[in-house]
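So you can see what is in the structure, the chains are spelled out below.
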Amino acid sequence: MSQTLHERIASALARVVNPRTGTDVLTAEMVRDIGTTPAGRVRLTMLLSPADPATLVRDVREAVERVEGVADVRVDVKDASEVDGPGRSRQPPPSSAPARALPVMNAAPAAAPRPSAPTPVAYPHLGRIIAVSSGKGGVGKSTVATNLAIALASTGARVGLMDADVYGPNVPRMMGVNAPPPVVNEKIIPLEAHGVKVISLGFLIERDQPAIWRGPIVMKIVTQFLRDVAWGQLDYFLVDMPPGTGDAQLSLVQATHVDGAIIVTTPQDVATGDALRGAKMFQRVNVPVLGIVENMSWFECPHCGKPTAIFGTGGGKRLADELELPLLGEIPLDPRIHEGGDRGTPIVVAEPGSSAARALRTLADRVTSALGATATP
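Residues numbered from 1 in each chain as written. Predicted model: local features only at pLDDT ≥ 70, side-chain atom pairs only at ≥ 80, totals over all residues. Heavy atoms only, no water.

A. Representation of the packing of aromatic side chains. Inspection of the entire model under this criterion finds one aromatic pair. For the ring pair tryptophan 231 and phenylalanine 237, a centre distance of 4.9 Å and an interplane angle of 80 degrees mean the geometry is edge-to-face. Since its relative accessible area comes to 0%, tryptophan 231 is described here as buried. (Phe/Tyr/Trp six-rings, centres within 6.5 Å; stacked < 30°, edge-to-face > 60°. Buried < 20%, exposed > 50% of the residue type's maximum accessible area, 1.4 Å probe, protein only.)

Below is the structure:
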């Protein structure tokens, strides 16, 4: 009697061995909740501990893809330490449990599933590390980060851009690149766009896959993007942070030495109030705040050039004065900014002569000067 699809999948998984333990993933119950459809679609859950090589996820996916009758494979990865706590038996969780993915290409063994806060590691080849952050969403932080990276690269600098916004990775769309990055000699090769090397969680997960992660997993992703990506020698390394003052910000400053932070806001008080807390967070963890960027400062009429302050005026300047920091730039609101971002051609590339592009290039010059002022003798 011929084997069923489920049996063929089980046979294939029995040949995938975890090099850490020497046991196949099926015997070790690392793979659970295998579901199939008559059309050959397969979905399964994989439990991965911090000590396991994350390349096992790729090995499992490829093994199932080679099975006769399989048309599509989806692997939902969960943190094994959260599923199987101390004293609990390794019984399969309910199939309705929410999936947690860990889209990393390689991982170094960890001593314990919940280590204490690590000592920051220096990465001299990354050059000056700059965090681009905001107190709240919707202020154009990723727009500023992508355009700033391109503006710096246009001066001849070697620039890397890391999308650390693990909950809403928008850099792939804005930079116009989106593909699984290759892995060579256990190093992830960043993609390149507009003269900038780019890595993003968006390259590694499905567009509709939610990132439902707690601090330890966020820390692992941030650390891996710093350590296991073949960045080469850079002059500037920009990190697009998620909004707020959460796990990603703390993970970055715990993982490496950050040379400076840029806080993006819009003019209205509701945005500057949140930006104030974001700036204070970096100051509290001894990261120099280089200055404030006010985005959407005014709308410039495309016909007559007259500026209109849609979101009020002076919020960025008042925030900078309160913090005793420079106002690094005021970026006008221009429909071509979001149009270019949606197309993957940021405005400094698409409309280099526009007021917004000129303001962003001025911002790049001021950031370079601010970093020079904070350089250690």
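Following the structure, the description resumes.
B. Spotlight on the pattern of salt bridges. One pass over the full model with this rule turns up 14 salt bridges. The partner of arginine 20 in a salt bridge is aspartate 52, with the nearest N and O atoms 2.5 Å apart. With a gap of 32 residues between them, arginine 20 in the loop between strand E1 (17-18) and strand E2 (23-24) and aspartate 52 in the loop between strand E4 (41-48) and helix H2 (55-65) connect regions that are remote in the sequence. On the basis of relative accessible area, arginine 20 is assigned to the partly exposed category, the value being 46%. Of the charged contacts, one joins aspartate 274 and arginine 277 as a salt bridge, the two residues approaching to 2.3 Å between their closest N and O atoms. With aspartate 274 and arginine 277 both in helix H8 (residues 269-284), this residue pair falls three residues apart, about one helical turn. Within this structure, Arg43, Arg74 and Asp76 form a network of salt bridges that share partners. (Salt bridge = Lys/Arg side-chain N within 4 Å of Asp/Glu carboxyl O. Helix = DSSP H or I, 4+ residues; strand = E, 2+ residues; numbered from the N terminus.)

C. Structural view of unusual backbone geometry. Unlike most non-glycine residues, aspartate 33 shows phi in positive territory, near 50 degrees. Along the polypeptide, aspartate 33 turns up in strand E3 (residues 31-36). For histidine 194, which is not a glycine, the phi torsion comes out positive at approximately 55 degrees. Its place among the elements puts histidine 194 in the loop between strand E10 (191-193) and strand E11 (196-200). Owing to a relative accessible area of 30%, histidine 194 belongs among the partly exposed residues under this scheme.

D. Region of the structure containing the nonpolar core. In terms of nonpolar packing, the biggest core is built from 85 residues, with Met162 and Leu238 touching the most fellow members. Element by element, the count of residues in this core is highest for helix H12 (residues 355-374), at nine residues. (Core = buried A, V, L, I, M, F, W, Y, C linked by side-chain atoms within 4.5 Å.)

E. Up close: the environment of valine 287. Looking at where valine 287 falls in the secondary structure, it is placed in the loop between H8 and strand E14 (289-300). On the basis of relative accessibility, which here comes to 6%, the residue valine 287 falls in the buried class. Counting along the chain gives 34 residues from valine 287 to valine 253, while the straight-line C-alpha distance between them is 7.9 Å. Other than its neighbours up to four places away in sequence, valine 287 contacts Val253, Val258, Gly260, Ala261 and Phe282. (Contact = heavy atoms within 4.5 Å.)

F. Broad picture of empty space enclosed by the protein. Under the counting rule described, the total for this entry stands at one cavity of 30 Å³ or more. Roughly 30 Å³ of internal volume is contained in the largest cavity. Secondary structure elements with two or more residues in the lining of the largest cavity: strand E16 (327-333) and H12. (1 Å grid on protein atoms, 1.4 Å probe; cavity = no way out; pocket = protein on both sides within 12 Å on 5 of 7 lines; lining within 4 Å. Points joined across faces, edges and corners; volume = space filled by probe spheres on them.)

G. Geometry of the environment of alanine 350. Inspection of the secondary structure assignment puts alanine 350 in helix H11 (residues 347-350). Each C-alpha atom, one on alanine 350 and one on glutamate 339, is 9.6 Å from the other, the two residues being eleven residues apart in sequence. Residues within four places of alanine 350 in sequence aside, it is in contact with Arg343 and Thr345.

H. The side chain of aspartate 163, seen in detail. Along the chain, aspartate 163 turns up in strand E7 (residues 159-163). At 3.5 Å, the side chain of aspartate 163 forms a polar contact with the backbone nitrogen of asparagine 170. Here valine 171 takes part through its backbone nitrogen, which lies 3.3 Å from a polar atom of the side chain of aspartate 163. Setting aside residues no more than four positions away along its own chain, aspartate 163 makes contact with Pro169, Asn170, Val171, Pro172, Ile199, Ser200, Leu201, Phe225 and Asp240. (Polar contact = N/O pair within 3.5 Å; in protein donor to acceptor, adjacent residues only side chain to side chain.)

I. Main features of H8. An ideal rise of 1.5 Å per residue puts 22 Å on 16 residues; H8 measures up with 22 Å between its terminal C-alpha atoms. Looking at H8, one finds that the buried residues are Ala271, Thr272, Asp274, Ala275, Gly278, Ala279, Met281 and Phe282. Just downstream of H8, asparagine 286 is the residue with a positive phi angle, here 65 degrees. (Expected span 1.5 Å × (residues − 1).)

J. Up close: the sheet that holds E3. The three strands lie next to each other as E3-E4-E5, forming an open sheet whose pairing is mixed. The strands lining the two open edges of the sheet, one partner per strand, are E3 and strand E5 (72-79). The mean inter-strand angle of the sheet, taken between neighbouring strand axes irrespective of direction, is 15 degrees. Bridge analysis of E4 against E5 gives eight bridges, and the strand direction is parallel. Bridging across to E5, methionine 46 finds its partner in valine 77. In the packing of helix H1 (residues 5-13) onto the sheet, contacts are made with E3 and E4, and the angle to E3 comes to roughly 150 degrees. Sheet contacts for H2: E3, E4 and E5; angle to E4, the most-contacted strand, approximately 155 degrees. (Pairing = 2+ DSSP bridges. Axes fitted to C-alpha atoms, helices over the stretch in contact; angles between N-to-C directions.)

K. Examining the pairing of E7 more closely. A large share of E7 lies buried, amounting to five of its five residues. Where burial is concerned, the two faces of E7 agree: the one with Val159, Leu161 and Asp163 and the one with Gly160 and Met162 are both buried. Pairing analysis gives five bridges linking E7 to E11, with the strands arranged parallel. Residue pairing across strands places leucine 161 opposite valine 198, the latter belonging to E11.

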